[in-house]
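What the coordinates show
If you want the building blocks of each chain, they are given just below.
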Amino acid sequence: MESSVTTAVSDNPVRENIRGMKGWLKFLGIVQIVIGILQALTIFGIFWAWLPIWLGVILNSASTKAEDYVEKGDQEGLAAFISKLKLFFIINGIMMIISLAGVAILLIMVSVFAALGIFSLPSFLTELLNR
């Protein structure tokens, strides 16, 4: 009997936190979808515009699962909510790793070009400013 009281007391802050998150998740999901649509309208953005749209759909789905958990209190809703958030963070983590790797490769290429004398940053900036 004591464990059920402990579960009810410790579950309440979790439900309250999730209740507070669901509106923000919906808002961020809609913003992500709008950003994806705007990117799709550009020439180069159309290649990766699907990614923010997908992330927006995941956040909206997480918001729906959060609402299900808050209203019904079932553990399946909580598991689905956490699963959606996990997928969102995994995708963002992979995007961050790819971005950091791209920046590292770019810095290495610029350093090699500068060391070989193919590219000089001061002359590049001077030429750029004189245009």
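Everything quoted here is computed from the prediction, not taken from an experiment.

1. Thoughts on the packing of aromatic side chains
- Scanning all chains against the criterion turns up three aromatic pairs.
- Measuring from ring centre to ring centre gives 5.4 Å for F88 and F89, while their planes differ by 75°; the resulting arrangement is edge-to-face.
- With relative accessibility at 12%, the residue F88 sits in the buried group.
- Assessed through its relative accessible area of 55%, F89 is described here as exposed.

2. Let's talk about the environment of I58
- Secondary-structure assignment places I58 in helix α2 (residues 50–72).
- Separated by 29 residues in the primary sequence, I58 and L87 have C-alpha atoms spaced 7.8 Å apart.
- Excluding residues that lie within four positions of it along the chain, I58 makes contacts with K84, L87, F88 and I91.

3. Overview of the nonpolar core
- Membership of the largest hydrophobic core comes to 15 residues, with the highest contact counts inside it found for I18, L25 and F81.
- Among the secondary structure elements, those contributing two or more residues to this core are α1 (2–40), α2 and α3 (75–116).
- Considering each element in turn, this core owes the most residues, eight residues, to α2.
- With near-sequence residues (within four places) excluded, I18 lies in contact with A66, Y69, V70, L78 and F81.

4. So, α3
- Helix length check: α3 (42 residues) gives 61 Å between terminal C-alpha atoms against 62 Å at 1.5 Å per residue, within 8%.
- Of the residues making up α3, those classed as buried are G77, L78, F81, L85, F88 and I91.

5. Notes on a nonpolar patch on the surface
- A contiguous nonpolar patch, built from I43, F44, I46, F47, W48, W50, W54 and L87 and spanning about 970 Å² of accessible area, is present on the exposed surface.
- Among the secondary structure elements, L87 is positioned in helix α3.

6. A closer look at the packing of α2 against α3
- It is the contact of α2 with α3, at a shortest axis distance of 8 Å, that shows an interaxial angle of 160°. In terms of orientation, α2 lies roughly antiparallel with respect to α3. Handedness of the crossing formed by α2 with α3: left-handed. Contacts between α2 and α3 involve L51, W54, L55, I58, L59, S61, A62, K65, A66 and Y69 from the first element and G77, L78, A80, F81, K84, L85, L87, F88, I91, N92 and M95 from the second.

7. Some words on α2
- Under the 1.5 Å per step criterion, the end-to-end length of α2 is 33 Å for 23 residues, consistent within 8% with the ideal 33 Å.
- Within α2 the residues assigned to the buried category are L51, P52, L55, G56, I58, L59, N60, A62, S63, A66, Y69 and V70.
- Trailing α2 by a residue or two, G73 shows a phi angle of about 75°, which is positive.

8. Considerations on the confidence of the model for the protein chain
- Taken residue by residue, the protein chain gives an average pLDDT of 86. The fraction at 70 or more is 88%.
- Across the protein chain, the element-wise mean pLDDT spans from 71 in helix α4 (residues 121–129) up to 94 in α2.
- Ignoring residues within four places in sequence, the model shows residues 5–9, a span with pLDDT below 50, making zero contacts including any to other chains.

Parameters and conventions
- Residues numbered from 1 in each chain as written.
- Predicted model: local features only at pLDDT ≥ 70, side-chain atom pairs only at ≥ 80, totals over all residues.
- Heavy atoms only, no water.
- Phe/Tyr/Trp six-rings, centres within 6.5 Å; stacked < 30°, edge-to-face > 60°.
- Buried < 20%, exposed > 50% of the residue type's maximum accessible area, 1.4 Å probe, protein only.
- Helix = DSSP H or I, 4+ residues; strand = E, 2+ residues; numbered from the N terminus.
- Contact = heavy atoms within 4.5 Å.
- Core = buried A, V, L, I, M, F, W, Y, C linked by side-chain atoms within 4.5 Å.
- Expected span 1.5 Å × (residues − 1).
- Patch = residues over 30% accessible without salt bridge, like charges linked within 9 Å, V, L, I, M, F, W, Y side chains within 5 Å.
- Areas by Shrake-Rupley, 256 points an atom, 1.4 Å probe, with all protein chains shown as cover.
- Salt bridge = Lys/Arg side-chain N within 4 Å of Asp/Glu carboxyl O.
- Axes fitted to C-alpha atoms, helices over the stretch in contact; angles between N-to-C directions.
- Parallel < 35°, antiparallel > 145°, perpendicular 65-115°, else oblique.
- Left-handed = near helix turned anticlockwise from the far one by under 90°.
- pLDDT = per-residue confidence, 0-100.

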